[in-house]
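Architecture and fold: a report
What follows is each chain in one-letter form.
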Amino acid sequence: MGLDMARRKLIAGNWKMNGLQSARKQVQDLITLQGGEMLAKLDVLLCPPATLLADMVRDAGASGLHMGGQDCHAEDHGAHTGDIAASMLKDCGAAYVIVGHSERRADHGESSAEVKAKAEAALAAGLIAIVCVGETLHEREAGQAFSVVGGQVKGSVPDGATAENCVLAYEPVWAIGTGKVATTDDIAAMHGHIRELLDALGGTALVDARVLYGGSVKPGNASDIFALDNVDGGLIGGASLKAADFSAIIDATNGR
Ligand code: PEP
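The text that follows walks through the structure, step by step, so that each part is easy to find. Within each chain, residues carry numbers counting from 1 in the order of the written sequence. Per-residue local features are limited, in this predicted model, to residues with pLDDT of at least 70; the limit for side-chain atom pairs, both in listing and counting, is 80 or more; totals at the level of whole chains, interfaces and linings are taken over all residues. By convention in this description, side-chain values take in all heavy atoms of the structure and omit both hydrogens and water.

A word on the overall build of the protein chain
Each helix corresponds to a stretch of at least 4 residues labelled H or I by DSSP, and each strand to a stretch of at least 2 residues labelled E; elements are numbered beginning at the N terminus. Looking only at helices and strands, the protein chain has ten helices and eight strands in total. As a reference, a globule follows 2.2 Å times the number of residues to the power 0.38, and the radius of gyration itself is taken over C-alpha atoms. Against the globule reference of 18 Å for 256 residues, the protein chain gives a C-alpha radius of gyration of 17 Å, in line with a compact fold. Its C-alpha atoms give the protein chain principal-axis dimensions of about 45 × 45 × 35 Å. Only protein chains enter the accessibility calculation, which uses a 1.4 Å probe. A residue is then buried if its area is under 20% of the maximum for its type, exposed if over 50%, and partly exposed in between. Going through the 256 residues of the protein chain one by one, you find that 51% of them count as buried. In the protein chain, once contacts between residues fewer than 6 apart in sequence are set aside, the share between residues at least 24 apart is 73%. A 1.4 Å probe and the Shrake-Rupley method give the accessible areas. Residues count as covered only by the protein chains that appear here. Total accessible area on the protein chain stands at roughly 10900 Å², and carbon and sulfur atoms take up 53% of it. Only four residue types enter the tally: Lys and Arg on the positive side, Asp and Glu on the negative side; His and the chain ends are excluded. Taken as the charge centre is NZ of Lys, CZ of Arg, CG of Asp or CD of Glu, depending on the residue. Counting 21 positive and 32 negative side-chain charges, the protein chain places the centres of these two groups 4 Å from one another. Only heavy atoms matter for contacts: two residues are in contact if any of them lie within 4.5 Å across the pair.

Below you can see the structure in the form of structure tokens.
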């Protein structure tokens, strides 16, 4: 990664299973609110449901706003009813895909090995993989947060990962959609830990890999979180659904 691009902030919105055609209006609203300047300084991404992806790629046009998928299959094609291949996301204009979100790890029983295979499929398709990791409340209270997240990082980061094609997202499960945010000390400690793990795993290739925080990031708490040393942006759920909130979170980076 060139010096000017090293750990360029990434603000990613995960719409989850939300959004009908009428929600596409948020794309134009966001572009209007942000103009070209911020989108040139940062990477800003929306991951809508697959049903809106191709349309929203067209809506974003040449604004610099990126689109991504929320999941992909580990195989490139075949008899997997209801699944989507990474190459299909790429084909409709996606630049990124989220893999291993805690909702998929929980709802679909995805293991780190499966997440790793999905991330490798993403890289093979030319997408940037956003690999999610995070501990449950039970695991944190049992003093296992570092070992659980460490195991997920080691087990989920794809072979061939570099700072250009792979992003980590630390999302404590108990903070997702709950309004509870990890303290800045806890976020700083876990991000420092993840960065050490990435250095050990990928050597120089992952030194500049971006590590996002996710979990109830809102306009009111984003600037404190984004100011932390090892936080390279955010993965935003609920607050990415409204352009005004998402735009305020983008502004909280102060363009850095
Ligand atoms: C998420 O879904 O990745 C997330 C962080 O959600 P929220 O911002 O709503 O907590």
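From this point on, the discussion continues.
Some details on the pairing of strand 4 (residues 96-99)
Side chains of strand 4 alternate between two faces, with Y96 and I98 and V97 and V99 buried alike. Here strand 3 (residues 66-69) pairs with strand 4 via two bridges, running parallel. By the bridge assignment for strand 4, G68 is matched with Y96. If you view a crossover with the strands going away from you and the path from the first strand over the helix to the second runs clockwise, you call it right-handed. Between the parallel elements strand 3 and strand 4, the chain passes through helix 3 (residues 86-91) in a crossover that is right-handed. As judged from the four bridges shared by strand 4 and strand 5 (residues 128-133), these two strands associate in the parallel manner. Within the sheet, the bridge partner assigned to I98 lies in strand 5 and is I130. Paired strands, in this sense, are two strands between which DSSP finds at least two bridges.

Considerations on the environment of A40
Tracing the chain through its elements places A40 in helix 1 (residues 25-41). For A40, a relative accessible area of 53% corresponds to the exposed category.

Details of the packing of helix 1 against helix 10 (residues 243-251)
Fitted lines through C-alpha atoms serve as axes, helices being fitted only where they are in contact, and the angles separating the N-to-C directions of these axes extend from 0 to 180 degrees. Axis separation between helix 1 and helix 10 bottoms out at 9 Å; the angle between their running directions is 20 degrees. Looking at the two axes, helix 1 sits roughly parallel to helix 10. For the element pair helix 1 and helix 10, the recorded crossing hand is right-handed. Across from Q26, D29, L30, L33, Q34 and M38 in helix 1, the residues of helix 10 making contact are A243, A244, F246, S247, I250 and D251. Split by residue class, the contact of helix 1 with helix 10 holds seven nonpolar, three polar and two charged. Angular relationships are summarised with four words: roughly parallel below 35 degrees, roughly antiparallel beyond 145, roughly perpendicular across 65 to 115, and oblique for the angles in between. Here is the rule for handedness: rotate from the far helix to the near one, and if that takes an anticlockwise turn smaller than a right angle the crossing is left-handed, while a clockwise turn gives right-handed. Nonpolar residues are Ala, Val, Leu, Ile, Met, Phe, Trp, Tyr, Cys and Pro. Charged residues are Asp, Glu, Lys and Arg, and all others, Gly as well, are polar.

Brief notes about the site of the ligand
Taken together, 14 residues lie near the ligand, and K16, E171, G177, S216 and G237 sit nearest. Here S216 contributes a backbone N or O atom positioned 2.8 Å from an oxygen atom of the ligand. When the ligand sits alone it has 290 Å² of accessible area, and the protein chains cover 97% of it. Broken down by class, the residue content of the shell around the ligand amounts to four nonpolar, eight polar and two charged. One heavy atom within 4 Å of a molecule or strand makes the whole residue count as near it. In protein, a polar contact requires one atom able to donate a hydrogen and another able to accept it; more generally it is a pair of N or O atoms within 3.5 Å, and residues adjacent in sequence count only if both atoms are side-chain atoms.

So, the pattern of salt bridges
The salt bridge criterion pairs a side-chain nitrogen of Lys or Arg with a carboxyl oxygen of Asp or Glu, the two atoms within 4 Å. Across all of its chains, the model carries 16 salt bridges by this definition. Across the pair D55 and R58 runs a salt bridge whose closest N-O atoms are separated by 2.8 Å. Of the two residues, D55 and R58 both sit in helix 2 (residues 50-60), three residues apart, roughly one turn of that helix. What makes D55 buried here is its relative accessible area of 17%. With a closest N to O distance of 3.3 Å, D71 and R104 form a salt bridge. Of this pair, D71 sits in the loop between strand 3 and helix 3 while R104 sits in helix 4 (residues 102-107), and the two are 33 residues apart along the sequence. Overall, D71 belongs to the buried group, its relative accessible area being 14%. Three or more residues are tied together by salt bridges with common partners; here these are R24, D55, R58 and D59.

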